[in-house]
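The primary structure of each chain is shown beneath.
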Amino acid sequence: MIKILFGIVLYSYTPKKSPTYSHLINNNINPDDIYLHDNREENIKLSTVYNDFLNFANENSYDYLVILDDDTFLSGEYLKSLHSNLNCSVLIPNLTYEHKIISPLKFKGILRFCMSGIRLHLSKLNSLKFSENYSLYGIDDYLVIFLIKNKIKVKISGAYIEHELSTIRGIQGTNSYSDFKCIELLRAHILNFKVAPLFLKIFYFKKISFFLFLLFKRRNFLEPMKIFFSPAQRSMYIQEKD
């Protein structure tokens, strides 16, 4: 019988109020197989949290790790799909937001996807470790780049899950991006530009240019840039935002 660890990052919910946790418990998932990380106050980098999930899963002889956010609505179909395609290295669900598929998506033949709901085959990904240069954003693209470089294929399951995705809230207009979010996305795209294969660098260059332009348009450009370049000020800014 396969062992699956469910790693949940809590952003705004307590465990009992988290839709993700509730759906797992209601579907008879053993609480001992759920690793909860409460990030509501700690502000630990997501890359660090994901590495903690990986380490715990490997140390406790789990076969697979499923990474989830706290606001994901899981279907029975999705949970059943986790027990299929057992040989694939990475299994990703169809992620929807307001009934529209937002992950996975293809860009010039490259499959990009969100981390929530992903199932990782641990023995096939034993060299995977998330770079802890990443904070809040860009980790999903880091994984995509890792898979491309290591020629590891992914499988899309037929299951669907509904998600309240933070980055989707910016689709309604660039004004909805806070300075902090712009800076974090800019940092993530710069990091991904550095490690991306040559054919992907143009994509991240365009993203970097977009967020630089967005910040230049704002009168308070210099203050966000101070936060970007100063780790101490970034830490203070994060605490103030919370």
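Source: prediction; values computed, not measured.

Calculation criteria
- Residues numbered from 1 in each chain as written.
- Predicted model: local features only at pLDDT ≥ 70, side-chain atom pairs only at ≥ 80, totals over all residues.
- Heavy atoms only, no water.
- Helix = DSSP H or I, 4+ residues; strand = E, 2+ residues; numbered from the N terminus.
- Expected span 1.5 Å × (residues − 1).
- Buried < 20%, exposed > 50% of the residue type's maximum accessible area, 1.4 Å probe, protein only.
- Arc of directions from axis to C-beta.
- Contact = heavy atoms within 4.5 Å.
- Pairing = 2+ DSSP bridges.
- Right-handed = clockwise from strand over helix to strand, strands pointing away.
- Phe/Tyr/Trp six-rings, centres within 6.5 Å; stacked < 30°, edge-to-face > 60°.
- Core = buried A, V, L, I, M, F, W, Y, C linked by side-chain atoms within 4.5 Å.
- Patch = residues over 30% accessible without salt bridge, like charges linked within 9 Å, V, L, I, M, F, W, Y side chains within 5 Å.
- Areas by Shrake-Rupley, 256 points an atom, 1.4 Å probe, with all protein chains shown as cover.
- Salt bridge = Lys/Arg side-chain N within 4 Å of Asp/Glu carboxyl O.
- pLDDT = per-residue confidence, 0-100.

So, helix H6 (residues 198-217)
Next, step 1: Its 20 residues place the ends of H6 29 Å apart at the C-alpha level, agreeing with the 28 Å of an ideal helix rising 1.5 Å per residue.
Next, step 2: Within H6, the full set of buried residues consists of Leu200, Phe203, Tyr204, Ile208, Phe211, Leu214 and Leu215. For H6, the arc enclosing every buried residue in end-on projection is 135°, short of the 170-degree limit, so these residues lie on one face. Exposed side of H6, more than 90 degrees from the buried face: Leu198, Lys206, Phe213, Phe216 and Lys217 are the residues found there.

Some points on the side chain of Ser81
Next, step 1: With respect to the helices, strands and loops of the structure, Ser81 is situated in helix H3 (residues 76-81).
Next, step 2: When near neighbours in sequence (up to four residues on either side) are disregarded, Ser81 contacts Leu91, Arg119, Ser157 and Ala159.

Concerning the pairing of strand E2 (residues 34-38)
Next, step 1: When strand E1 (residues 4-10) meets E2, the two strands line up parallel, connected through 5 bridges. Bridged to Val9 within E2 is His37.
Next, step 2: Each parallel crossover has a hand, and for E1 linked through helix H1 (residues 19-26) to E2 it is right-handed.

With respect to the packing of aromatic side chains
Next, step 1: Scanning the entire structure with this criterion turns up 8 aromatic pairs.
Next, step 2: Ring geometry for Tyr35 against Phe53: centres 5.0 Å apart, planes inclined by 70°, an arrangement best described as edge-to-face. Of the two residues, Tyr35 sits in strand E2 while Phe53 sits in helix H2 (residues 46-59), which places them 18 residues apart along the sequence.
Next, step 3: The class for Tyr35 is partly exposed, based on a relative accessible area of 22%.
Next, step 4: According to the relative accessible area criterion, Phe53 is buried, its value standing at 0%.
Next, step 5: Measuring from centroid to centroid gives 4.9 Å for Phe203 and Tyr204, while their planes differ by 80°, and the two rings are edge-to-face. Just as Phe203 is buried, Tyr204 falls in that class too.
Next, step 6: Members of the aromatic cluster, joined through ring pairs, are Tyr35, Tyr50, Phe53, Phe56, Phe130, Tyr134 and Tyr142.

Notes on the nonpolar core
Within soluble globular proteins, side chains that are nonpolar tend to cluster in buried spots.
Next, step 1: Core analysis: the largest hydrophobic core is formed by 37 residues, its most contacted members being Tyr50, Ile118, Leu120, Phe130 and Leu143.
Next, step 2: Listed by contribution, the elements that provide at least two residues to this core are E1, H2, strand E3 (64-69), strand E5 (90-97), strand E8 (110-112), strand E9 (118-121), helix H4 (139-149) and H6.
Next, step 3: Of all the elements, H4 adds the most residues to this core, at 7 residues.
Next, step 4: By size, the runner-up hydrophobic cluster in this structure holds 21 residues, among which are Ile29, Leu74, Tyr78 and Ile161.

Section: unusual backbone geometry
Next, step 1: Along the chain, Ser103 connects to Pro104 via a cis peptide bond; the corresponding omega equals 0°.
Next, step 2: As for its placement among the helices and strands, Pro104 is situated in the loop between strand E6 (100-103) and strand E7 (105-107).
Next, step 3: At Lys151, a residue that is not glycine, the phi angle is positive and equals roughly 55°.
Next, step 4: Its location among the elements puts Lys151 in the loop between H4 and strand E10 (154-163).

Concerning a nonpolar patch on the surface
Next, step 1: Taken together, the side chains of Ile101, Leu105 and Tyr160 define a hydrophobic patch exposed on the protein surface, amounting to about 280 Å² of accessible area.
Next, step 2: Mapping Tyr160 onto the fold places it in strand E10.
Next, step 3: A relative accessible area of 41% places Tyr160 in the partly exposed class.

Things to note about H4
At 3.6 residues per turn, the α-helix brings residues three or four places apart onto the same side.
Next, step 1: A large share of H4 lies buried, amounting to 8 of its 11 residues.
Next, step 2: With its phi angle positive at about 55°, Lys151 sits one or two positions after the end of H4.

A short note on the environment of Leu79
Next, step 1: Looking at the element boundaries, Leu79 is found in helix H3.
Next, step 2: Since its relative accessible area comes to 10%, Leu79 is described here as buried.
Next, step 3: Expressed as a C-alpha distance, the spacing of Leu79 and Ala159, which sit 80 residues apart in the sequence, is 8.5 Å.

Digging into the confidence of the model for the protein
Next, step 1: A residue-level look at the protein finds 85% of positions with pLDDT of 70 or above and a mean pLDDT of 85.
Next, step 2: Considering each helix and strand of the protein separately, the mean pLDDT is smallest for helix H8 (residues 231-241), with a value of 49, and largest for E9, with 97.
Next, step 3: Of the regions scoring below 50 in pLDDT, residues 167-173 engages in 10 contacts with residues more than four places distant in sequence or in other chains.
Next, step 4: When the criterion is pLDDT under 50, residues 236-242 qualifies, and its contacts beyond four places in sequence or with other chains add up to 6 contacts.

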